[in-house]
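# A look at the structure
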Amino acid sequence: MAPREGAAHTRIMSVGACRPDPVVTNADICATIDSTDEWIRERSGIESRRMAPSDVSMIDMAADAGRDALARSGLAAEEIGAVLLATSTHLRPTPSAAAVVAHRVGVAPAAAMDVAAGCAGFCHAVALGSDLVKGGTTRHVLVIGAEKLSLFLDPTDRSTAFLFADGAGAVVIGPSDRPQIGPTVWGSDGSQADVITTRSSWMQYREEPGASWPFVTMQGQSVFRWAVFAMAKAAQAALDASGVSAADLTAFVPHQANLRIIEALGKKLRLPDHVVVARDVVTAGNTSAASVPLAIDALLTAQAAGGPRVSGGLALLIGFGAGLSYAAQVVQLP
Ligand SMILES: CC(C)(COP(=O)(O)OP(=O)(O)OC[C@H]1O[C@@H](n2cnc3c(N)ncnc32)[C@H](O)[C@@H]1OP(=O)(O)O)[C@@H](O)C(=O)NCCC(=O)NCCS
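What counts, and at which threshold
- For every chain, the first residue of the written sequence is number 1, and numbering continues from 1 onward in sequence order.
- With pLDDT at 70 or above as the cut-off, local features in this predicted model cover only qualifying residues; side-chain atom pairs require 80 or more to be listed or tallied, and sums for whole chains, interfaces and linings still use all residues.
- For side-chain calculations, the full set of non-hydrogen atoms in the structure is used, while hydrogens and water are omitted.
- Strand pairing follows a simple DSSP-based rule, namely that at least 2 bridges must link the two strands.
- A run of H or I in DSSP becomes a helix once it reaches four residues, and a run of E becomes a strand once it reaches two; helices and strands are each numbered from the N terminus.
- The contact criterion used throughout is that any non-hydrogen atoms of two residues lie within 4.5 Å.
- Between N-to-C directions, angles span 0 to 180 degrees; the directions come from axes that are lines fitted to C-alpha atoms, helices contributing only their stretch in contact.
- Take a side-chain nitrogen of Lys or Arg and a carboxyl oxygen of Asp or Glu: if they are within 4 Å of each other, that pair is a salt bridge.
- Relative accessibility decides the category of a residue: with a 1.4 Å probe and only protein chains considered, values under 20% of the type maximum give buried, values over 50% give exposed, and everything between is partly exposed.
- Side-chain rings of Phe, Tyr and Trp, where Trp is taken by its six-membered ring, are said to pair if the distance between their centres is within 6.5 Å; with planes under 30 degrees apart they count as stacked, over 60 as edge-to-face, and otherwise as tilted.
- Either an automatic procedure or a domain database provided the assignment from which the domain bounds are taken.
- Buried area: the accessible area, evaluated with a 1.4 Å probe, that two parts lose upon being put together, summed over both parts.
- A 3.5 Å cut-off defines polar contacts: any pair of N or O atoms within that distance qualifies, except that in protein one atom must be a possible hydrogen donor and the other a possible acceptor, and neighbouring residues in sequence count only when both atoms are side-chain atoms.
- Here the nonpolar group is Ala, Val, Leu, Ile, Met, Phe, Trp, Tyr, Cys and Pro; Asp, Glu, Lys and Arg are the charged ones; every other residue, Gly included, is treated as polar.

Think of a sheet as strands paired side by side through backbone hydrogen bonds, with each pair either parallel or antiparallel. Ordered by their spatial adjacency, five strands build an open sheet running β8-β14-β13-β11-β12, and the pairing between neighbours is mixed. Each of the sheet's edge strands pairs with one partner strand only, and the pair in question is β8 (185-188) and β12 (276-277). When strand β13 (residues 314-321) meets strand β14 (residues 325-332), the two strands line up antiparallel, connected through eight bridges. Along β14, the bridge assignment pairs Phe320 with Tyr326. The sheet strands contacting helix α10 (residues 291-304) are β11 (251-254), β12 and β13, and the helix crosses β11 at an angle near 150°.

Attention now moves to the pattern of salt bridges. Tallied over the full model, the rule gives 13 salt bridges. The partner of Arg19 in a salt bridge is Asp280, with the nearest N and O atoms 3.1 Å apart. Here Asp280 lies in the loop between β12 and α9 (281-284) and Arg19 lies in the loop between β1 (9-18) and β2 (23-25), a separation of 261 residues in the sequence. Residue Arg19 is classed as partly exposed on the basis of its relative accessible area of 28%. Between Asp297 and Arg19 there is a salt bridge, and its shortest N-O distance comes to 3.5 Å.

Per the stated rule, a full pass over the model turns up six aromatic pairs. Both rings, one in Phe152 and one in Trp202, keep their centres 6.2 Å apart while their planes meet at 75°; by these two values the pair is edge-to-face. Highlighted residues: Phe152 in the loop between β6 (141-148) and β7 (166-176) and Trp202 in helix α6 (residues 202-207), separated in sequence by 50 residues. With a centroid separation of 6.2 Å and an interplanar angle of 75°, the aromatic rings of Trp226 and Phe320 are classed as edge-to-face. Separated by 94 residues along the polypeptide, Trp226 in helix α7 (residues 220-242) and Phe320 in strand β13 bring together distant segments of the chain. The same class applies to Trp226 as to Phe320, namely buried. Through pairs of rings, three or more aromatic residues link up here, namely Phe152, Trp202, Tyr205 and Trp213.

The subject of this paragraph is the domain arrangement of the protein chain. In terms of domains, the protein chain is made up of domain 1 (9-176) and domain 2 (185-332). Put simply, the middle of domain 1 and the middle of domain 2, counted by C-alpha atoms, are 14 Å apart. Between domain 1 and domain 2, the contact holds 45 residues from the first and 44 residues from the second. When domain 1 packs against domain 2, close to 3,500 Å² is buried across both sides, 64% of that on carbon and sulfur atoms. Summed over the three residues of domain 1 that lose the most area to domain 2, namely Arg19, Cys119 and Phe152, the buried surface amounts to 19% of that side. The interface formed by domain 1 and domain 2 contains 16 residue pairs in polar contact (both at pLDDT 80 or more). Among the secondary structure elements, those contributing two or more residues to the side of domain 1 that touches domain 2 are β1, α2 (37-44), β3 (48-50), α5 (121-134), β6 and β7. Residues of the side of domain 1 that touches domain 2, tallied by class, amount to 24 nonpolar, eleven polar and ten charged.

Let us look at the pairing of β6. The side chains of a regular strand alternate between the sheet's two faces. With eight of eight residues buried, β6 is to be regarded as a mostly interior element. Burial along β6 is two-sided: Val141, Val143, Gly145 and Glu147 and Leu142, Ile144, Ala146 and Lys148, pointing in opposite directions, are all buried. Sheet analysis places strand β4 (residues 82-86) next to β6, joined by five bridges and oriented parallel. By the bridge assignment, Ala82 is partnered in β6 with Val141. In this structure, β6 lies alongside β7, joined through eight bridges in antiparallel fashion. Across the sheet, Leu142 pairs through a bridge with Val172, a residue of β7.

Put into structure tokens, the structure is as follows:
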């Protein structure tokens, strides 16, 4: 067989985002749960989040973010060879959401597939996209993280109603003459599948009288402990795998699970003061697979508005969540 050679290295060429309206405040959330704006801010850092209306789907948001990233990459649509869509909120077993999104973005007949790895999905898809380019399977990959979690939130559940939200973020990955996406450190622990799951399966919902819609349920304290202790180690391992120290970083962009986890991870990694820590969760909530690209977009938007310069700097990304699963890598920001 003829060998196929890929790019020596890869990079993130551009970032795109879709932040749906309306903005939902903590006061809005407290209309259906016994809580307060103060409690939600103190325990999660969240002040507001976006929740898409009924006529805006996860696929709509993914396509918006994908079009945005493609336009900013400067590439022609036909240069995109694959679309990887990280999501856990696609409503149909088939076809993949990615195939529909590829068509909507105008990059068909690009290969298209969904990646389901909970809140870690985007960082998994970055790893896969980078390796597709290095392996020579394609030269450019559109990687999207998109969620409409509001469909799976029980508005009366005090442990989740304030936390999760909707949105989409995207990046284009392409070849580079030097390493701009580092090695991925990843893994899973299915023995803790119950820690973040849904109240019922689709089968239970269909077959069992009185079974609930598959609302997301979460053992908050177990997630918190795992996120802080195990994920600090995974993040450090990603730094080590790239030969990068915390002092070399310009930004830290962890999954926007909640602000207390983000701050605790930053402390455990002993990030120097100059490292910009993404805190998009404050106004975006936890958007699961969309949170890391949305947080990168927020840093670039802040830079354009006169905030700290992050473009060209190294950022440590880490996604973690249901599975349990996680993936982390160091990237150079576009
Ligand atoms: C969800 C989370 C904020 C809850 O905080 P917590 O301190 O663990 O809350 P607990 O469930 O232990 O409850 C503590 C108290 O707050 C109360 N409480 C729980 N939810 C509340 C709410 N929404 N509003 C007000 N009070 C609430 C409880 O009743 C309890 O009261 P008590 O001490 O009088 O019994 C926290 O566990 C967390 O951040 N977990 C990680 C979640 C996450 O990031 N998930 C995404 C991973 S991808």
